[in-house]
Every structure is written in structure tokens, then in C-alpha cells.
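Okay, here's what each chain looks like letter by letter:
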There are 2 protein chains.
Amino acid sequence: MITVGIIGYGNLGQHLAAAFEKSDLIEVTQIYSKSATASGKFVNETADVNKADLIIIAVSDNAISEISSQLPFENQLIVHTSGSMPIAALDQKNRRGSFYPLQTFSKNRPVNWNNIPICIEAELDSDLELLQKIASELSSKVYNVNSDQRKALHLAAVFASNFTNHLYGIASKICAEHNLPFEILLPLIAETASKVAQLDPTMAQTGPAIRNDDKTINSHLLALNDENQKHIYELLTKSIQLNGKKL
Amino acid sequence: MITVGIIGYGNLGQHLAAAFEKSDLIEVTQIYSKSATASGKFVNETADVNKADLIIIAVSDNAISEISSQLPFENQLIVHTSGSMPIAALDQKNRRGSFYPLQTFSKNRPVNWNNIPICIEAELDSDLELLQKIASELSSKVYNVNSDQRKALHLAAVFASNFTNHLYGIASKICAEHNLPFEILLPLIAETASKVAQLDPTMAQTGPAIRNDDKTINSHLLALNDENQKHIYELLTKSIQLNGKKL
């Protein structure tokens, strides 16, 4: 049995604990949460956190360093779950690593762990092996990703997910302004997302920008009342034309 | 049997013809394509196009007006398939309408018509009824959308699909620059797209911008070498913060 302690019981901490529950190989021995009542597996003082085969810190980025330095032990394998922090953010009194599930977690949406890429990193090869074993219990997609790569991946994810969602939001507003239900766009959104699983996004590019269809572009710019939306339209149109279709 | 003639045999024309083939209610009686050999159903002269219950013009936006004026008949129900053109783009000698399937069509990807929203419009109620009947043979999602709404929908689709795909492209480049396979991002892209089927995009917004996480934002901006990508990052971050989370 591999023992795991989880520090932080927010969205990700809860999803991780629930996923490990289902594994015969892994036992969550302790969960730390500042706001929890100390009872059963739960503790609410860092001083009460015990060693385990692995300690996973699933707290917000700016709390990682402080909480890792408060842990009352040394030479313990500790990972954080942040996309943007290097493993150097963890106190060096312990053996450091990263366990980064690349997915957006929402409270009320079920999570299919088997399909979530888990990016792992560790200072020691033996620790990396253990992380590989644990990550493989959750997911079939485990990647070795160093701190620099992880940071780049997090940046790429901001474009592919956070910014993309914001564009959905603008589309939704335009629909609402014209008494159109946003659901009309959902099949298009789904197809656009699933297309890039087979086709390089540059090759999959369609629309007035890549066609250099100035008539439609100008008519769209005229139709946009919101200055901010207009800037986004102009900048992304230029950017598409700049990159072009690499045929 | 409802008879349909198709003008234009590009991506959409081919997908439409194949879909109507499967219907017991609809018969494609003629297909016009400039580059086709005149044989069987195919004609390559507009003068040879015959009347039918419905003529569908599936050509590029800037060819719609000219080809509609070349058709050798009057008082015939004619629709175009363009998202951005009003039905007034069609020659007024015929009864005009629109038949706009809101999806991105690629040559080598199968199309599930039942899931594609079809937006219809016609000048006459009886024509609208026929379009409703025909569209319902292909899809369970048929919407009455007037020319102004259709133009807004097309604009919204540019944000939700064309621009979104471009952001996937930027993410893909960032991955390549750091020797990371783009496939790592695919589950995140899929979840981001499917989330907005249940959750308003504004409520679904996550990431450093909406958290006002200046540390991560600045570190991302420093990591971006490409000036164009930097501009996009800044503008979309500001735009997310401007709209905020409407809690």
C-alpha cells in the first residue's frame, strides 16, 4: 500500500482524495485543511501532519512556499500541483517534486481521471518512479515535464482554455443581444475543439480572416458596438493573417 | 417527394447532397457545378438548371448574387447557405430565403447532421414551412433566424470558432517550442468546450486573469517572446478582468 497525505481540500484536493479512494494501491492517510474539524483523517494544524510515502500540496500558488516550510519533517517526498510554480517553491528540507493534473476542475462536474494528463517531476529518480506509479493509478496519460516545460504548458493552457472560454463569453453576449439562444453555437464549439485532435490548428483555420475576406471583416467590425470586442476582433484577425495557412 | 436542386458542389454542397441521399422525403434532382462534367444529375451551365421545389445555392458569398441572377426562371424558391449575407443578396425575380447550417465543414471529417443547427428564413410563410420540413429531415435543431440575427450569429461564430481555433494554434506553438506534444492539451480543450453546455461562460471563467493573479500574469508576459502573442495575452487578460465574474 502506498500512503498519501493531502494538504489542502479545495476543488483539486477533494477530486484527488475521491480518486485515490477508488485505488487498491493507494491509501489517503491524512488530509490537512485549515478550515476542517480535526477528526478521523482530517487535521487542521500543519504541526499534526505526518509523514507518508507522498505528501501532495494542493493549495493556491502563493500559499505553497509557506505551508511547505511549516511541515514538521525533513527528507520527505513532497509535490505541489501547480502549473506555474517551479519545484523550487517547495522548502528544500524535503525531497521535492510536482504532480500537475492538466485539467480545469469544477465543483459540480464529474471528472474522468483516466483521461486527464498528469505531469510529474522529481529531483530523485526513485521519487519520479513512485510518482509515475501513483499517477498511473489515476490516469493513462502520464508525462515527465520539467519546471520550465510545466510553466510553458500552463501558459499554453491559458490560451487554449481561459482565453477560449472568454471568447465563448463574447459569443454568448452577441447572441443574447440579438435574442438568439447560445445553445445554437454549442455544436460548432464542440466540433472546433474536437477537430484539433486530428488536424493541426493552423491547418484547421477557417473563417473570414484566413480567407482575407475584407468585406465580411469590415461588416463585422461595423456591427460590433463594444470597443473592447472590436479590438479583440481586429487583433485576432491580424494575428490569423500574420500566421497564415501553411499549405 | 420534395425535389431539390443544388448549385455549387464544394464542401457544403457535397455534404448536403450526401445527406439528402439518405432521406426518403427529398430527392436531389440536379447539381450544378462549373467544373463538373455534364452527366446524370450534373450540369455545368446555369442555363441548364431546372426548377425544383427548392434550389439551394451553396457557393462562396461573393458569387451568390451573380449566380442567382443567371438562373433561367422566376418565382422559384431559392435559398443561399451563407451566414453573413442577407436574403436580399439573391435576385428578386425569385422567392428568396436562407438555409444556413451553423457548422464548420471539413473535407475529411464525417458530419452528424442531426446535431447541426440549421437556421432558416423565407419571405413567404409557405416557403418557410417547406424549409422547416426539409431542414427537419436533416437535423433535430431548426431555428427561425432573420437576416440581422443570422449576421450576428455569424459574427458570434467567428469568436467561438475561428478565433478559438487560432488560440489553439498559439498554444500548439508554445508547446512545440518547449518539446511538449500538443496532445497534452486536448482533454483540457475538450472539457473547456463541453463545460459551456451547462455553465454560462462568464461563470465558467477560470485562470490568472479572473483571479487577478498579477504574479502569474507578469511571469507569462515575460515568457512570451512573440510580440503579437504578448498583445493578445494582454488584451484578453484585460477583457476578462473588465467583464469580471458576475456572481
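Residues numbered from 1 in each chain as written. Chains lettered and ligands numbered in written order. Predicted model: local features only at pLDDT ≥ 70, side-chain atom pairs only at ≥ 80, totals over all residues. Heavy atoms only, no water.

(A) Inspection of the overall build of chain A at higher detail. The secondary structure content of chain A amounts to eight helices and eight strands. In terms of C-alpha radius of gyration, chain A reaches 22 Å, well past the compact-globule figure of 18 Å for 247 residues. Seen along its three principal axes, the alpha-carbon backbone of chain A occupies a region of about 65 × 40 × 30 Å. Within chain A, buried positions represent 57% of all 247 residues. For chain A, long-range pairs separated by at least 24 residues make up 51% of all intrachain contacts whose partners lie at least 6 apart in sequence. Working note: accessible area of chain A is about 10700 Å², and carbon and sulfur atoms make up 47% of it. Computed over 21 positive and 26 negative side-chain charges, the inter-centroid distance for chain A is 6 Å. (Helix = DSSP H or I, 4+ residues; strand = E, 2+ residues; numbered from the N terminus. Rg over C-alpha atoms; globule rule 2.2 N^0.38 Å. Buried < 20%, exposed > 50% of the residue type's maximum accessible area, 1.4 Å probe, protein only. Contact = heavy atoms within 4.5 Å. Areas by Shrake-Rupley, 256 points an atom, 1.4 Å probe, with all protein chains shown as cover. Lys, Arg positive; Asp, Glu negative; His and termini not counted. Charge placed at Lys NZ, Arg CZ, Asp CG, Glu CD.)

(B) The relation of the copies chain A and chain B, seen in detail. Mapping chain A onto chain B calls for a screw motion: a turn of 180 degrees about the axis and a shift of 0.0 Å along it, with 0.0 Å RMSD after fitting. With respect to symmetry, the two chain copies, as superposed, fit the operation of a two-fold axis. When C-alpha distances to the rotation axis are compared across chain A, the minimum falls at Thr164 of chain A, with a value of 2.7 Å. Interface residue correspondence from chain A to chain B reaches 98%, placing this contact among same-surface, isologous pairings. (Least-squares fit on C-alpha atoms with pLDDT ≥ 70 in both.)

(C) How the structure looks around the pairing of strand 7 (residues 118-122) of chain A. All names here are of chain A. Most of strand 7 sits inside the fold, with five of its five residues counted as buried. Burial of strand 7 is two-sided: the residues Ile118, Ile120 and Ala122 facing one way and the residues Cys119 and Glu121 facing the other way are all buried. Where strand 6 (residues 95-101) and strand 7 come together, five bridges link them in antiparallel fashion. Within strand 7, the residue paired with Ser98 across the bridge is Glu121. Bridge count for strand 7 against strand 8 (residues 142-144) is three bridges, and the pairing is parallel. Its bridge partner being in strand 8, Ile118 is matched across the sheet by Val142. Crossover strand 7 to strand 8 through helix 3 (residues 125-138) is right-handed. (Pairing = 2+ DSSP bridges. Right-handed = clockwise from strand over helix to strand, strands pointing away.)

(D) Examining the interface of chain A and chain B more closely. In this assembly, 86 residues from chain A lie in contact with 85 residues from chain B. Summed over both partners, the interface of chain A with chain B comes to about 8100 Å²; 67% of that surface belongs to carbon and sulfur atoms. Scanning the region where chain A abuts chain B turns up 34 residue pairs in polar contact (both at pLDDT 80 or more). Among the elements of the structure, helix 4 (147-177), helix 5 (186-195), helix 6 (201-204), helix 7 (214-223) and helix 8 (227-243) of chain A are those that each provide at least two residues to the side of chain A that touches chain B. Broken down by element, the side of chain A that touches chain B gets its largest block of residues, 26 residues, from helix 4 of chain A. (Buried area = accessible area lost by both parts, 1.4 Å probe. Polar contact = N/O pair within 3.5 Å; in protein donor to acceptor, adjacent residues only side chain to side chain.)

(E) Examining helix 3 (residues 125-138) of chain B more closely. All names here are of chain B. Taking 1.5 Å per residue, 14 residues should reach 20 Å; helix 3 reaches 20 Å between its end C-alpha atoms and fits that length. Within helix 3, burial applies to Asp127, Leu130, Leu131, Ile134, Ala135 and Leu138. Seen end-on, helix 3 carries its buried residues on one side only, within an arc spanning 130 degrees. Within helix 3, the exposed residues directed more than 90 degrees away from the buried face are Asp125 and Glu129. (Expected span 1.5 Å × (residues − 1). Arc of directions from axis to C-beta.)

(F) Spatial organisation of the pattern of salt bridges. Enumeration according to the criterion identifies twelve salt bridges over all chains in this entry. Between Glu21 of chain A and Lys41 of chain A there is a salt bridge, and its shortest N-O distance comes to 3.7 Å. On the criterion of sequence distance, the pair formed by Glu21 of chain A in helix 1 (residues 11-21) and Lys41 of chain A in the loop between strand 2 (26-32) and strand 3 (42-43) is long-range, its members being 20 residues apart. Given a relative accessible area of 32%, Lys41 of chain A falls into the partly exposed group. A salt bridge links Glu123 of chain B to Arg96 of chain B, with the shortest nitrogen-to-oxygen separation between them at 3.0 Å. Note that Glu123 of chain B is positioned in the loop between strand 7 (118-122) and helix 3 and Arg96 of chain B in strand 6 (residues 95-101), a separation of 27 residues in sequence. (Salt bridge = Lys/Arg side-chain N within 4 Å of Asp/Glu carboxyl O.)

(G) Structural detail: the packing of aromatic side chains. Residues and elements named next belong to chain B. Under the definition given, this model contains ten aromatic pairs over all chains. When the centroid spacing of 5.6 Å and the interplanar angle of 35 degrees are considered together, the rings of Phe105 and Trp113 count as tilted. Of the two residues, Phe105 and Trp113, neither departs from the other in class, the shared state being buried. (Phe/Tyr/Trp six-rings, centres within 6.5 Å; stacked < 30°, edge-to-face > 60°.)

(H) Representation of the sheet that holds strand 7 of chain A. All names here are of chain A. Here eight strands make up an open sheet; going across it, the order is 3-2-1-4-5-6-7-8 and the pairing mixed. Edge positions in the open sheet fall to strand 3 and strand 8, since each of these has one partner strand only. Bridging between strand 2 and strand 3 involves two bridges; their strand directions are parallel. Across the sheet, Ile31 pairs through a bridge with Phe42, a residue of strand 3. This element, helix 1, spans strand 1 (2-7), strand 2, strand 4 (54-57) and strand 6 of the sheet and lies at about 160 degrees to strand 1. (Axes fitted to C-alpha atoms, helices over the stretch in contact; angles between N-to-C directions.)

(I) Structural context of the layout of surface pockets. Of the pockets and cavities examined, the second largest pocket occupies roughly 1100 Å³. Along the walls of the second largest pocket sit 37 residues, with Asp61, Thr81 and His154 of chain A together with Gly207 and Arg211 of chain B positioned nearest its centre. Those elements that provide at least two residues to the lining of the second largest pocket are helix 1, strand 6 and helix 4 of chain A together with helix 7 (214-223) of chain B. Sort the elements by how many residues they give to the lining of the second largest pocket and helix 4 of chain A lands first, with six residues. Looking at side-chain class alone, the lining of the second largest pocket contains 13 nonpolar, 18 polar and six charged residues. (1 Å grid on protein atoms, 1.4 Å probe; cavity = no way out; pocket = protein on both sides within 12 Å on 5 of 7 lines; lining within 4 Å. Points joined across faces, edges and corners; volume = space filled by probe spheres on them. Nonpolar A, V, L, I, M, F, W, Y, C, P; charged D, E, K, R; others polar.)

(J) Seen up close, the packing of helix 4 of chain A against helix 8 (residues 227-243) of chain B. Contact geometry for helix 4 of chain A and helix 8 of chain B: axes closest at 10 Å, N-to-C directions at 50 degrees. Overall, the two elements helix 4 of chain A and helix 8 of chain B adopt an arrangement that is oblique. Between helix 4 of chain A and helix 8 of chain B lies a crossing whose hand is left-handed. Residues Leu155, Val158, Phe159, Asn162, Phe163, His166, Leu167 and Lys173 of chain A of helix 4 of chain A pack against Gln229, Ile232, Tyr233, Leu236, Thr237, Ser239, Ile240 and Asn243 of chain B of helix 8 of chain B. Of the residues in the contact of helix 4 of chain A with helix 8 of chain B, the class split is nine nonpolar, six polar and one charged. (Parallel < 35°, antiparallel > 145°, perpendicular 65-115°, else oblique. Left-handed = near helix turned anticlockwise from the far one by under 90°.)

(K) Summary view of the environment of Pro86 of chain A. All names here are of chain A. Secondary-structure assignment places Pro86 in the loop between strand 5 (77-80) and strand 6. C-alpha of Pro86 to C-alpha of Asp148: the two residues are 62 residues apart in sequence and 7.5 Å apart in space. Among residues more than four places away in sequence, those in contact with Pro86 are His80, Ser147 and Arg150.

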